[in-house]
Amino acid sequence: MPLKILIVGAGVAGPALAFLLQRADPLHHITVIERASALRATGLQLDFKAQGMPIVRKMGLLDAMRAHRVDETGAEVVGAKGESLARYGIRGDSGTEGVHSGAVTNELEIMRGDMVKVIVDASIADRKKLEESGGRGGGLKYVFGTSVKGVVQKEGEGVDVTFQDGREESFDLVVGADGQNSRTRKMVFGDEVSRESFKELGSQVAYFNVPRAETDGTLARMFFAAQSRAILVRNGGRPQTQVYLFSQENMEKTKASYGKPVTEQKAVWEETFTGAGWQTERFLEGMQTADDFYAHQLAQVKLPALYKGRVVLIGDAGYCPSVMTGKGTTSAFIGAYVLAGELARQAPNVDAALGSYNEVMKEPVKLAQIISGNVSLPSSSLAVWCIRNGLWAASSLGIDKLVMRLMPEQKDEKELGGWPLPEYPELNLAE
Ligand SMILES: Cc1cc2nc3c(=O)[nH]c(=O)nc-3n(C[C@H](O)[C@H](O)[C@H](O)COP(=O)(O)OP(=O)(O)OC[C@H]3O[C@@H](n4cnc5c(N)ncnc54)[C@H](O)[C@@H]3O)c2cc1C
C-alpha cells in the first residue's frame, strides 16, 4: 500500500531513504523538506566503510560516486616544520612500499557535497523516468527553506504536521533525518530524553576549505599541537584544501558560539588556535573568508528506541556515532536501507515495519558507536613531544598496532563489517 511520507532533512540519510522508498514502491508520495534555503552541498571528505559500499552498489550509484572520488593517496603525521613523522597508505592497500596500512584514507573518499548531490539527483532522475514511462500516482518532491513546527500523533493512523509557515498536512509516516542536533528527536521524544541521549565526547571540530598551496600534496596530514589541539589537512588533488580543526580547549566558549552568526564562531576558533604552530596562521587566515565553515561538537546519540508512534529517526538524528568512528555516513546508509527494506517487507503494516527496523538496527548501531582508541588530544608540550616522537619511532620500527591506537577511526572496522547486511529483494535494487 503506498504511503504518504515526510522526510525531514536533505543531508545524506534523508535523500538515500527517498531514493530507496521510491524504488520499492513508486506509488509512495514522498516529501523531503530541508531547513536550509538550498541543498547543503558542502562539507568535507566522507567515505564508505563496511556495508556502505555494498548498499551504494545495490542502489546502482557506485560509478556515480566513483566519478567524484577524491584522489587521496594516504596519510601522514607531521611535526612543527611539516616534517613527516609517520606515513599510512590507503585502507585495504597494505602492500604499498615504505608506508603502513591505511589509518585515515579509504578506498572510496568523496566530498560530502558531491555525495549528497549524487543521491538527490539520482532520486529525481528516477522520478522523471517513472513519469516519462507513463507511471501514474506517487511522487517525490524536495522542499527547501522549511521545517516542522509541531507534530500530533494519531493512534495507529499517522501524524498531523504543522510546518513553520503554519501550513498543516497529514502523513502516514514522518522520518527525522535532520542530523545530530535533530529537532524531530526533541519534538517526539521530548527535551529530557533528547538531552540525555546526546552524549558529548568532549571535543569540538570545525571544517572548512582554504585555497590550495603548492606544498599541499595528495597525502592527508595530521598535526598535533599543545593544549589539546590537532589539525587535519586534506587536498587529494582538488583546487581547494580541506582543513579540520579539532579541539578540547575553550570548550564552553565554543559551545556557546553554536547558533550564533558564523563570524562569531570563527572568532572563537581563531582564539583557540592562534599560536598552535605549523601552518596554523595560513589556515586561520583562510578560515576568515571560507564560505563553507561548519563546526559542531563531537557527540554520540544513544536513544532507547528509534521510533515513537509513526515518527522514526535515521542517520545522525537517531544514532550519530560521531566523526571519531568515521562511520556516520555508512550508518546513515544502513538506516535508510533497513527502514526502506522493512517498510517494503512488512507492507502494509507500518507499525510492524518500525518495530523490525528498531530491532535490526540495534546491532549495527552498537558496533558503529564503539570508540576504543584514544580520544584525548595531548595537552602539554611534553605530551605533544611524546606523541610526535612516539609516532616517529613506531613508524620507523613498523609497529603499526601501537600507532593505530591513536587513530580511533581504524578500530572496530572488522566488527561492523562482520554484521551481515540483510537482503531485501522487495527494494527492487540493482543487486
Ligand atoms: C553542512 C554539513 C557539513 C558536514 N560536513 C561534514 C564533514 O566535513 N565531515 C563529516 O564527517 N561529517 C560532516 N557532516 C555530517 C555528516 O554529513 C553526517 O554525519 C553523516 O553523513 C550522516 O548524515 P545525516 O543525513 O544523518 O545528517 P546530515 O548530513 O547532518 O544532514 C542533516 C540535514 O538535515 C537538515 N536539517 C537540520 N535540521 C533541520 C530541520 N529542523 N528541518 C529540516 N531540515 C533540517 C540539515 O540542514 C542537513 O541538511 C556535515 C553535515 C552538514 C549538515
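Residues numbered from 1 in each chain as written. Predicted model: local features only at pLDDT ≥ 70, side-chain atom pairs only at ≥ 80, totals over all residues. Heavy atoms only, no water.

Per an unreviewed UniProt entry, the chain is named Oxidoreductase, and its organism is Paraphaeosphaeria minitans.

A. Just the packing of aromatic side chains, in detail. Counted according to the given criterion, the structure contains ten aromatic pairs. With a centroid separation of 5.7 Å and 25° between ring planes, the pair formed by Tyr207 and Tyr294 is classed as stacked. Residue Tyr207 is found in strand β13 (residues 198-211), and its partner Tyr294 is found in strand β17 (residues 294-301); the two are separated by 87 residues along the sequence. Taking relative accessible area as the criterion, Tyr207 reaches 12% and is therefore assigned buried. Put simply, the rings of Tyr207, Tyr244, Phe246 and Tyr294 touch in pairs and so form one group of aromatic residues. Over the ring of Phe171 we find Lys4, and its NZ or CZ is 4.9 Å from the ring centre. In this arrangement the basic side chain of Arg167 is found over the ring face of Phe163, its NZ or CZ atom lying 4.4 Å from the centre. (Phe/Tyr/Trp six-rings, centres within 6.5 Å; stacked < 30°, edge-to-face > 60°. Helix = DSSP H or I, 4+ residues; strand = E, 2+ residues; numbered from the N terminus. Buried < 20%, exposed > 50% of the residue type's maximum accessible area, 1.4 Å probe, protein only. Lys NZ or Arg CZ within 6 Å of the ring centre and 35° of its normal.)

B. Region of the structure containing a positive patch on the surface. Positive charge collects at one region of the surface, where Arg35, Arg40, Arg183 and Lys186 lie side by side. Within the secondary structure layout, Arg35 lies in the loop between β2 (29-34) and β3 (45-47). (Patch = residues over 30% accessible without salt bridge, like charges linked within 9 Å, V, L, I, M, F, W, Y side chains within 5 Å. Areas by Shrake-Rupley, 256 points an atom, 1.4 Å probe, with all protein chains shown as cover. Salt bridge = Lys/Arg side-chain N within 4 Å of Asp/Glu carboxyl O. Lys, Arg positive; Asp, Glu negative; His and termini not counted. Charge placed at Lys NZ, Arg CZ, Asp CG, Glu CD.)

C. Layout of the sheet that holds strand β11 (residues 168-171). Spatially, β9-β10-β11 is the arrangement adopted by the three strands of the open sheet, whose pairing is antiparallel. Since the sheet does not close on itself, it has two edges, and those belong to β9 (148-154) and β11, each with one partner. Averaged over all pairs of adjacent strands, the angle between strand axes in this sheet comes to 20°, irrespective of strand direction. Summarising the sheet, β9 and strand β10 (residues 158-163) pair through six bridges and their orientation is antiparallel. What sits directly across from Val151, in β10, is Val161. (Pairing = 2+ DSSP bridges. Axes fitted to C-alpha atoms, helices over the stretch in contact; angles between N-to-C directions.)

D. Highlighting the packing of helix α1 (residues 13-24) against helix α4 (residues 112-132). In contact at an axis separation of 8 Å, α1 and α4 are set at 25° when each is read in the N-to-C sense. Here α1 lies roughly parallel to α4, going by the angle between them. α1 and α4 meet at a crossing whose hand is left-handed. In this structure, α1 uses Pro15, Ala16, Phe19, Gln22 and Arg23 to contact α4, whose residues at the interface are Ile119, Val120, Ala122, Ser123, Asp126, Arg127 and Leu130. Partitioned by chemical class, the residues of the contact of α1 with α4 number seven nonpolar, two polar and three charged. (Parallel < 35°, antiparallel > 145°, perpendicular 65-115°, else oblique. Left-handed = near helix turned anticlockwise from the far one by under 90°. Contact = heavy atoms within 4.5 Å. Nonpolar A, V, L, I, M, F, W, Y, C, P; charged D, E, K, R; others polar.)

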